[in-house]
Amino acid sequence: MNKLSPAAQTALERAMEFSSPHFRQLVRQMIGEALRSAVAHTQQHRGNDVWTCDADELLAIAAELEAH
């Protein structure tokens, strides 16, 4: 298995604090899908194949999910 980037490793470790090690692959898939969905919701096309995501919007999604 390839080594994860520091950002991906941090996200996985944080998620694993709330899950059993037996579900490691499922947690990885869930994090990946959640990130892709959040980016799809917040991305904006700036032209010339440049896309941006609003960090404030992504953080607001995270805060809303945590508070729910």
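Residues numbered from 1 in each chain as written. Predicted model: local features only at pLDDT ≥ 70, side-chain atom pairs only at ≥ 80, totals over all residues. Heavy atoms only, no water.

Caption draft 1: Seen up close, the packing of helix α2 (residues 24-42) against helix α3 (residues 55-67). α3 packs onto α2 with a crossing angle of 130° between their chain directions and a minimal axis gap of 10 Å. Taken together, α2 and α3 sit at an angle that is classed as oblique. When you trace α2 past α3, the crossing you get is right-handed. Touching Ala38, Val39, His41 and Thr42 of α2 are Glu57, Leu58 and Ile61, all from α3. (Axes fitted to C-alpha atoms, helices over the stretch in contact; angles between N-to-C directions. Helix = DSSP H or I, 4+ residues; strand = E, 2+ residues; numbered from the N terminus. Parallel < 35°, antiparallel > 145°, perpendicular 65-115°, else oblique. Left-handed = near helix turned anticlockwise from the far one by under 90°. Contact = heavy atoms within 4.5 Å.)

Caption draft 2: Region of the structure containing the environment of Arg28. Note on placement: Arg28 falls in helix α2. Take Arg28: its relative accessible area is 23%, and that puts it in the partly exposed class. It is 8.7 Å that separates the C-alpha atoms of Arg28 and Ala15, two residues lying 13 residues apart in sequence. (Buried < 20%, exposed > 50% of the residue type's maximum accessible area, 1.4 Å probe, protein only.)

Caption draft 3: Summary view of the pairing of strand β1 (residues 43-47). Relative to strand β2 (residues 50-53), β1 is paired through four bridges, and the arrangement is antiparallel. Opposite His45, over in β2, you have Trp51 as the bridge partner. The hairpin turn running from β1 into β2, its antiparallel successor, is two residues long, and Asn48 in that turn takes a positive phi close to 55°. (Pairing = 2+ DSSP bridges.)

Caption draft 4: Focus on α2. An ideal rise of 1.5 Å per residue puts 27 Å on 19 residues; α2 measures up with 27 Å between its terminal C-alpha atoms. Where α2 is concerned, the buried positions are Val27, Gly32, Ala38 and Thr42. Viewed along the axis of α2, the buried residues span an arc of 135°, placing them on a single side of the element. Exposed residues pointing more than 90 degrees away from the buried face of α2 are listed as Arg36 and Ala40. Packed against the buried residues of α2 are α1 (6-16), β1, β2 and α3. (Expected span 1.5 Å × (residues − 1). Arc of directions from axis to C-beta.)

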